[in-house]
Amino acid sequence: IAAGEAKNSHCTLPKAIHQVYIHILLFYIGGTLIIGLLVPSNNPLLQLNSGTAQSPFVIAIETAGIKPL
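Engineer: How should helix α3 (residues 56-63) be read in this particular structure?
Structural biologist: Owing to its 3.6 residues per turn, the α-helix brings residues three or four apart onto one side. Between the side-chain oxygen at the start of α3 and the backbone nitrogen of F57 there is a gap of 3.2 Å, and the oxygen is on S55. Looking one or two residues beyond α3, the residue adopting positive phi is G65, at roughly 85 degrees.

Right under this line is the structure:
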């Protein structure tokens, strides 16, 4: 519906779709890459010894010293 209301939908719609792909790559894949670099795979908090493992995102935030978490 919004594409039909745009002034030049043939140009703006493909541009918007392209930007969605860029955002997915940047936030999801880029974020996963950064977490993979910050948290080693042999971190004991990732192990299921106690029945539960922590999220790699939580481990990275705690390692960075961010207090609220």
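There is more to say, and it comes next.
Engineer: Just checking my understanding: could you explain a nonpolar patch on the surface for this structure?
Structural biologist: A cluster of nonpolar residues, L13, I17, V20, Y21, I24, L25, L26, F27, Y28 and I29, forms a patch on the protein surface that exposes about 1100 Å² of accessible area. In this fold, I24 is placed in helix α2 (residues 9-38).

Engineer: Hey, could you run me through the packing of α2 against α3 in this one?
Structural biologist: The relative placement of two packed helices is expressed as an angle between their axes plus a distance between the axes. As a packed pair, α2 and α3 sit with axes 10 Å apart at the nearest point and diverge in direction by 60 degrees. As far as their axial angle goes, α3 and α2 are oblique. Both α2 and α3 take part in a crossing whose hand is left-handed. Taking contact as the criterion, the partners of G31, I35 and L38 in α2 are, on α3, P56, F57 and A60.

Engineer: Explain the environment of P56 here, please?
Structural biologist: Tracing the backbone shows P56 in helix α3. With 13 residues separating them along the chain, P56 and N43 place their C-alpha atoms 9.4 Å apart. Apart from the residues lying within four places of it in its own chain, the contact partners of P56 are I35, V39 and L46.

Engineer: Just checking my understanding: could you explain α2 for this structure?
Structural biologist: An ideal rise of 1.5 Å per residue puts 44 Å on 30 residues; α2 measures up with 42 Å between its terminal C-alpha atoms. A maximum bend of about 30 degrees is found in α2 at G30.

Engineer: Explain the confidence of the model for the protein to me, please; I cannot follow it from the model alone.
Structural biologist: Segments scoring low in pLDDT should not have their predicted coordinates read at a detailed level. Overall, the predicted model of the protein reaches an average pLDDT of 83, with 88% of residues at or above 70. No element of the protein has a lower mean pLDDT than helix α1 (residues 2-5), which averages 63, and none a higher one than α3, which averages 88.

Engineer: Help me understand the environment of I35, please; the structure alone is not making it clear to me.
Structural biologist: Here I35 is to be found in helix α2. In the structure, I35 is positioned 22 residues away from F57 in sequence and 6.5 Å away in space, judged by C-alpha atoms. With near-sequence residues (within four places) excluded, I35 lies in contact with P56, F57 and A60.

The rules we used
- For every chain, the first residue of the written sequence is number 1, and numbering continues from 1 onward in sequence order.
- Reporting of local features is limited, given that this is a predicted model, to residues whose pLDDT is at least 70; pairs of side-chain atoms are given and counted only at 80 or more, and all residues count toward the totals for whole chains, interfaces and linings.
- With hydrogens and water excluded, all non-hydrogen atoms of the structure serve as input to the side-chain values.
- Whenever a nitrogen or oxygen atom comes within 3.5 Å of another N or O atom, the pair is scored as a polar contact, on the condition that within protein one atom can donate a hydrogen and the other can accept it, and that pairs from neighbouring residues in sequence are kept only if both atoms are in side chains.
- What counts as a helix is a DSSP run of H or I of at least four residues, what counts as a strand is a run of E of at least two, and both are numbered from the N terminus.
- Only residues above 30% relative accessible area that lack a salt bridge enter a patch, with like-charged residues linked at up to 9 Å and the nonpolar side chains Val, Leu, Ile, Met, Phe, Trp and Tyr linked at up to 5 Å.
- Accessible surface is estimated by sampling points in the Shrake-Rupley manner with a 1.4 Å probe; for residues, cover comes only from the protein chains shown.
- The working definition used for a salt bridge is a side-chain nitrogen of Lys or Arg within 4 Å of a carboxyl oxygen of Asp or Glu.
- Orientation is described by lines fitted to C-alpha atoms, with helices fitted over the stretch in contact, and by angles between N-to-C directions that extend from 0 to 180 degrees.
- For classification purposes, angles smaller than 35 degrees are called roughly parallel, those larger than 145 roughly antiparallel, those between 65 and 115 roughly perpendicular, and all remaining angles oblique.
- A crossing counts as left-handed when the near helix is turned anticlockwise from the far one by less than a right angle, and as right-handed when that turn is clockwise.
- Two residues form a contact once any of their heavy atoms are found within 4.5 Å.
- How far a helix is expected to stretch is found by multiplying one less than its residue total by 1.5 Å.
- To get the bend at any residue, fit one axis to the seven residues that end at it and another to the seven that begin at it, then take the angle between the two axes.
- pLDDT gives the predictor's per-residue confidence on a scale running from 0 to 100.

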